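Here are the chains, one letter per residue:
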Amino acid sequence: MQWTTKTFLTKTKRGNVLKIVREHYLRDDLLCGSAVCHICPHKDDEIVLDTKPESICKLFDFEHYLVLDTNVVLHQIDVLEENALKNVIILQTVLEEVKHQNTAIFQRLLEIVGNKNRKFYSFVNEHHKDTYVERNPHEKQNDRNDRAIRRAASWYASHLLLSKSDIDGKIPKIILLTDDENNRKIAQKEGIVCCTVKEYVENITGYPGLVDKLSKNVIPEACSKDALYPAHLTPSQIHSGIRGGKLYQGTFHASRDNFLEGTAVVSSFDKPILLQGHSGINRAIDGDIVAIEILPKEEWRKPSDIVLEDKADDPGDTLEEETLLNTKVDSEDEITPTGKVVGIIRRKWRQYCGILLPSKFPGATRHLFTPAEKRIPRVRIETRQSDILISQRILVALDSWPRNSRYPLGHFVRSLGPIGDKDAENEVILLEHDVPHARFSEAVLACLPPDDFKIPEEEIKKRVDLRSICICSVDPPGCTDIDDALHARPLPGLSPDGLNTYEVGVHIADVTYFVRPNTALDREAAARSTTVYLVDRRIDMVPGLLSSNLCSLRGGEERLAFSCVWVVDENANVLSTKFHKSVIKSSSAMTYEEAQIAIDDATRCDEIASSLRTLNSLAKKLKQKRLDNGALLLASPEIRFQVDSETHDPIEVQAKKIMDTNSMVEEFMLLANVSVAERVAADYPRCALLRRHPSPQPHSFDTFLKAARQQGFELDVSTNKSFSKSLNEAVIPDRPFFNTLLRIMATRCMQQAVYFPSGTRTQEEFYHYGLACPIYTHFTSPIRRYADVIVHRLLAASIGADVSHASLLDTKAADALCDNLNYRHRQAQYAGRASVALNTHILFKNREEIESAVVLAVKRNALQVLIPKYGLEGPIYLPSDKFRYNEEEHVQICGDVILRTFDELTVRLTLDSTNLQHRKLVFQLVKPSIPGVSYTAQEQVEKMEIVEIDKKENEKKRKESKGGKNKKKKYKK
């Protein structure tokens with residue numbers, strides 16, 4: 001063994017230069033991994049590369065191994081994941097560079113290397129005495145790494161020649177794949193056989209679709225000819241601009257409604273920065289971190305209130321569309337800081353689902369791909385499989401966006417299944433919302449207890465035994481992952497105030513008994529962060545053995561729990577609180593409806609009914625206390641599908657029914673969460689995982705307050721308490737749904753609640769605006785939320801029921817964890833909504849409804865309406881030649897008809913399937929009746945007549961066709 005030293009110079013926080021010297025050990029016994037080699041002392045399981053590697057490339061008719069450079073892995077990972085390339089050498093230099101530049105691709109590469117069938121061998125060239133290279137003075141790191149790759153390729157070629165093969169005397173040669181022209185030229189001078197990935201893949205036989213997966217790695221700013229976009233600044237120009245205060249960094253968020261508009265949140269501004277038009281957005285894609293130049297104040301605008309889809313086939317068409325963005329500003333308050341993207345700091349590209357729009361030219365290989373996500377632009381791809389892919393949902397990756405291309409360039413990755421196939425459409429939802437949904441790995445499953453697990457007696461002795469207490473759970477119908485159960489029983493004696501007292505308990509599944517810290521199961525649960533609920537399936541955070549069995553608090557079965565038990569008086573004042581690990585045996589697992597029936601049935605006097613009545617009575621008092629403190633009762637349109645038991649297709653939809661028992665469970669879950677938050681924050685002031693709900697931005701209420709004013713209500717939003725009082729008083733007696741609608745719109749003015757570690761915020765910032773409580777967390781759903789798992793561990797350590805561990809007390813790690821929790825929670829919500837939309841489309845296929853609707857928002861060219869019966873919403877587009885839009889009042893005017901927010905309408909609801917990518921519900925105005933706009937009864941009659949005529953014509957053609965066939969048969973005879 002030899003060793004050398006590596007020297008680094010680094011700067012400390014104070015600006016001092018620190019010299020770091022590290023020893024670097026070099027060996028001569030590292031294995032090459034080739035079956036040809038008789039020099040390296042391989043064991044059978046250490047041989048990866050074949051003796052006679054078959055060549056599938058027409059350029060090279062000899063046996064060979066491939067060596068890849070770093071950029072090949074970074075840009076062509078989709079090609080590498082196909083089974084075509086085998087007998088590939090991955091150098092340590094490449095692995096380390098890929099890991100440093102892109103962890104997602106690094107993980108994908110590790111999976112390929114770990115698959116023995118792929119024959120990818122990882123060679124530790126940085127520690128082999130014959131392949132290690134020192135960095136020369138003034139040499140760039142990239143140049144040194146290229147030199148290390150060439151050295152390793154040369155060593156392999158000479159090393160294999162030293163081995164004597166018995167097979168025809170042939171030794172596999174080495175081919176270096178690199179797209180770096182300079183590296184290729186130097187390699188050729190050094191006698192290394194090399195070529196580009198494109199040249200190699202295009203000459204592969206037997207894998208016709210492989211060439212479609214080649215990344216089109218174009219240098220975007222080099223294409224100045226016929227440029228459609230301004231050039232991006234270089235990284236150094238961006239860095240100096242931000243340091244000098246001339247540029248700002250922000251994350252670009254594209255609009256779902258207008259493809260020519262987006263925003264970026266910049267910390268220096270109260271409002272998001274408005275970005276409009278092709279040059280303003282300048283090739284930024286949703287999620288990119290961008291450099292922004294703020295325009296002069298006289299060029300600031302307000303966000304457009306128009307719905308725009310990218311339908312232009314000619315770049316010139318968008319010039320007309322951009323003129324629609326120039327909206328009149330009536331008030332200084334409406335002005336939004338406006339800027340333009342001048343550079344890209346970091347791309348946040350991923351793989352996108354969508355469909356192929358075939359070229360108009362027969363035999364063409366260049367086509368447009370339309371993503372399922374409306375915020376992503378179309379993508380130009382090349383494929384020779386368009387005839388097959390046109391009917392498929394496909395996955396595409398982005399490569400680059402040159403200045404002279406209206407759309408970004410990308411490449412085909414794989415097909416997901418036929419368009420309209422439910423499995424394919426669900427796969428699209430999960431992929432588009434980045435929901436981890438692969439099967440649990442063997443390492444994760446190895447962490448599980450046996451299927452016939454019984455609670456050990458020694459574990460029961462450590463806990464409080466509550467199996468004799470009447471405990472029950474109340475959940476939605478069909479729920480199998482039961483997190484929580486409740487009990488209430490009267491206590492002897494009175495409170496100090498002479499009031500009756502009760503013991504009330506909330507018992508939560510003790511998931512942390514099975515999910516231990518830093519295991520494969522724990523890491524997988526942390527990565528997933530939440531269970532995702534689609535209409536017809538559930539993507540579990542933990543395996544089903546835990547979520548639906550051993551952790552689920554099923555009726556009549558003994559389960560481990562974490563209990564929060566209070567003593568309360570009859571006015572729901574909490575007199576004492578205690579926490580303990582417990583063993584419970586639920587007396588009954590009930591639905592909300594079953595629990596409500598038990599409460600309302602006066603003939604029932606059993607223990608379960610009595611417990612539920614006590615809980616329900618106390619819950620109402622707890623709720624009133626919250627409302628008196630300023631808690632908001634917000635709303636959102638929620639629907640429930642009836643699903644066919646065999647096909648899992650929806651057969652009916654209705655708005656969810658809310659009962660007293662829903663509120664009963666909610667109140668005690670809130671009380672438990674608050675009680676636990678107070679305890680863990682007191683004991684762990686730096687690292688307690690809490691949940692906060694920031695107060696809404698004042699400007700977010702502007703449109704909402706104006707709409708309420710039009711209905712005669714002046715809402716006070718100065719505090720949550722005054723807002724709650726205003727909402728309670730905003731009632732129209734003959735319109736019972738009006739107040740609910742008001743609360744739905746109020747919800748949309750709010751910011752999202754987020755997880756955070758207590759050490760990163762001041763005490764005042766802990767406040768939860770919606771619940772009007774000074775501190776809050778999530779404790780009650782550890783089967784489906786990883787945040788609750790962490791809170792369980794903190795509480796267990798706090799009461800001495802379990803030991804603490806280092807990662808639990810690491811504020812930096814907790815901050816990173818919270819970022820992932822917030823992201824996964826948000827994506828799960830979006831995936832759930834997308835599933836509802838998919839099933840709504842399936843339900844309304846070949847179906848038509850005339851229903852009552854309410855206006856949620858008035859846009860420049862549309863009304864956004866809600867159908868209360870179904871909880872569905874969508875736009876009614878209004879013709880500009882009929883309607884006049886009043887920007888100041890946000891109303892649409894057509895003759896004597898004035899349409900405002902909150903107005904009641906009648907609409908016709910159908911499904912438009914003409915756009916296979918974006919099937920959508922079409923809302924047509926029926927009432928008020930406006931000639932040339934509203935759908936009329938006459939149109940309905942005419943439509944039915946046309947359908948009837950079509951049926952008769954089709955029947956006639958069918959009979960004629962049948963008759964013709966019979967005549968032909970007779971002739972043949």
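The numbers attached to residues start from 1 for each chain and follow its sequence in the written order. Side-chain atom pairs in this predicted model are given and counted only at pLDDT of 80 or more, local residue features only at pLDDT of at least 70, and totals for whole chains, interfaces and linings cover all residues. To get the side-chain values, all heavy atoms of the structure are used, and hydrogens and water are removed first.

**Some details on the overall build of the chain**
Spelled out, the test is: Under the scheme used here, helices are H or I runs from DSSP no shorter than 4 residues and strands are E runs no shorter than 2 residues, and both carry numbers assigned from the N terminus. Every radius of gyration here is taken over C-alpha atoms, with the globule rule written as 2.2 Å times N^0.38, N being the number of residues. Buried, partly exposed and exposed residues are distinguished by accessible area as a fraction of the type maximum, computed with a 1.4 Å probe on protein chains only: under 20%, between the cut-offs, and over 50%, respectively. Any two residues whose heavy atoms approach within 4.5 Å at even a single point are treated as in contact. All accessible areas in this document rest on Shrake-Rupley with a 1.4 Å probe, and a residue is counted as covered only by the protein chains that are shown. Only four residue types enter the tally: Lys and Arg on the positive side, Asp and Glu on the negative side; His and the chain ends are excluded. The atoms used to mark charge sites are NZ of Lys, CZ of Arg, CG of Asp and CD of Glu.
Within the chain, the regular secondary structure consists of 25 helices and 38 strands. The globule rule puts the C-alpha radius of gyration for 973 residues at 30 Å, and the 33 Å found for the chain is close to it. Its C-alpha atoms give the chain principal-axis dimensions of roughly 95 × 85 × 80 Å. Burial statistics for the chain: of 973 residues in total, 49% are counted as buried. Summarising the internal contacts of the chain: among those between residues at least 6 apart in sequence, 67% fall at separations of at least 24. Summing over all exposed atoms, the chain offers an accessible surface of approximately 48500 Å²; the carbon and sulfur share of this is 50%. Distance between charge centres in the chain, computed from 133 positive and 136 negative side chains, equals 3 Å.

**Examining the sheet that holds strand β8 (residues 248-254)**
Sheet strands pair via backbone hydrogen bonds, and the direction of the pair is either parallel or antiparallel. Rules: Pairing between strands is defined by DSSP: at least two bridges between the two strands are required. Orientation is described by axes fitted as lines to C-alpha atoms, over the contacting stretch for helices, and by angles from 0 to 180 degrees between their N-to-C directions.
If you walk around this closed barrel you meet the five strands as β8-β9-β10-β12-β11, and the pairing is mixed. For this sheet, the mean angle separating the axes of adjacent strands, direction not counted, is 50°. Bridging between strand β11 (residues 289-294) and strand β12 (residues 338-346) involves six bridges; their strand directions are antiparallel. Across the sheet, residue Val 290 finds its bridge partner in β12, namely Ile 344.

**Some points on the sheet that holds strand β35 (residues 891-894)**
Strand order across the open sheet formed by three strands is β34-β35-β36, with antiparallel pairing between neighbours. Single-partner strands in this sheet number two, and they are β34 (884-886) and β36 (897-899). Averaged over all neighbouring strand pairs, the angle between strand axes comes to 25°, with direction disregarded. Sheet topology note: the β34/β35 ladder contains three bridges and is antiparallel. Directly across from Arg 884, in β35, lies its bridge partner Ile 893.

**Structural notes on the packing of aromatic side chains**
Inclusion rule: Pairing of aromatic rings covers Phe, Tyr and Trp, the last through its six-membered ring, and needs centres within 6.5 Å; plane angles under 30 degrees mean stacked, over 60 mean edge-to-face, and all others mean tilted. In this scheme, the term charge over a ring applies when either NZ of a lysine or CZ of an arginine sits within 6 Å of the ring centre and within 35 degrees of the ring normal.
Going through the model one piece at a time under the given rule, you end up with 17 aromatic pairs. Between Phe 123 and Trp 155, the ring centres sit 5.2 Å apart and the planes meet at 10°, which makes this aromatic pair stacked. Of this pair, Phe 123 sits in strand β5 (residues 120-123) while Trp 155 sits in helix α5 (residues 141-161), and the two are 32 residues apart along the sequence. Ring centres 5.7 Å apart and planes at 75° place the aromatic pair Phe 562 and Phe 779 in the edge-to-face group. Note that Phe 562 is positioned in strand β24 (residues 558-569) and Phe 779 in the loop between β30 (754-757) and α23 (786-799), a separation of 217 residues in sequence. Ring pairing ties together the aromatic residues Phe 60, Phe 62 and Tyr 200, which thus form one cluster. Sitting over the ring of Tyr 755, Arg 691 keeps its end group 4.5 Å from the ring centre. Its end group placed over the ring of Phe 844, Arg 847 keeps NZ or CZ at 5.3 Å from the ring centre.

**Some remarks on the nonpolar core**
As a reminder, the rule being used: Residues belong to one nonpolar core when they are buried, are Ala, Val, Leu, Ile, Met, Phe, Trp, Tyr or Cys, and are joined through side-chain atoms within 4.5 Å.
In this structure, Leu 612, Phe 668 and Leu 689 are the most contacted members of the largest nonpolar core, which totals 90 residues. With ten residues, helix α19 (residues 660-683) is the single largest residue contributor to this core. For Leu 612, the contacting residues outside a window of four places in its chain are Cys 472, Val 474, Met 590, Ala 595, Ala 598, Ile 599 and Met 664. Cys 32, Ile 90, Ile 175 and Tyr 200 belong to the second-largest nonpolar core, a separate cluster that totals 57 residues.

**Here's the deal with the packing of helix α12 (residues 422-432) against helix α24 (residues 811-843)**
Using the following cut-off: For classification, angles of less than 35 degrees are called roughly parallel, those exceeding 145 degrees roughly antiparallel, those between 65 and 115 degrees roughly perpendicular, and all remaining angles oblique. For any helix crossing, the convention is left-handed if the near helix is rotated counterclockwise from the far helix by under a right angle, and right-handed if that rotation is clockwise.
Running from N to C, α12 and α24 cross one another at 155°; their axes reach a closest spacing of 9 Å. With respect to their mutual orientation, α12 and α24 come out roughly antiparallel. In this structure, α12 crosses over α24, and the sense of that crossing is right-handed. Contacts between α12 and α24 involve Lys 422, Glu 425, Asn 426, Ile 429 and Glu 432 from the former and Gln 827, Ala 831, Ala 834, Ser 835, Leu 838, Asn 839 and Ile 842 from the latter.

**Some words on the side chain of His 232**
Applicable threshold: Two N or O atoms count as a polar contact when they lie within 3.5 Å, although within protein this holds only if one can serve as hydrogen donor and the other as acceptor, and sequence-adjacent residues are included solely when both atoms are side-chain atoms.
Mapped onto the elements, His 232 comes out in the loop between α7 (197-202) and α8 (235-243). Under the relative-accessibility criterion, His 232 is labelled buried at 12%. One polar contact links the side chain of His 232 to the main-chain carbonyl oxygen of Asn 282, over a distance of 2.9 Å.

**So, the pattern of salt bridges**
Pairing of side chains with opposite charge becomes possible as their charged atoms draw close. The criterion, for reference: Salt bridge, as applied in this entry: a Lys or Arg side-chain nitrogen positioned within 4 Å of an Asp or Glu carboxyl oxygen.
With the rule as written, the count across this model stands at 56 salt bridges. Between Arg 108 and Asp 78 there is a salt bridge, with its nearest N and O atoms 2.7 Å apart. Of this pair, Arg 108 sits in helix α4 (residues 103-114) while Asp 78 is found in helix α2 (residues 77-80), placing the two residues 30 residues apart along the sequence. With a closest N to O distance of 3.9 Å, Asp 286 and Arg 375 form a salt bridge. Of this pair, Asp 286 sits in the loop between α9 (277-281) and β11 while Arg 375 sits in the loop between β14 (366-371) and β15 (379-382); the two residues are 89 residues apart in sequence, bridging distant segments of the chain.

**Here we look at unusual backbone geometry**
Here Lys 927 and Pro 928 are connected by a cis peptide whose omega angle stands at 5°. As for its position among the elements, Pro 928 is in the loop between β38 (920-927) and α25 (937-972). We note that Asn 518 has phi near 65°; this positive angle belongs to a residue other than glycine. Take Asn 518: it is sitting in the loop between β21 (500-509) and α15 (520-528). A positive phi angle, near 80°, is found at Phe 902, a position not held by glycine. Checked against the element boundaries, Phe 902 lands in the loop between β36 and β37 (904-912).

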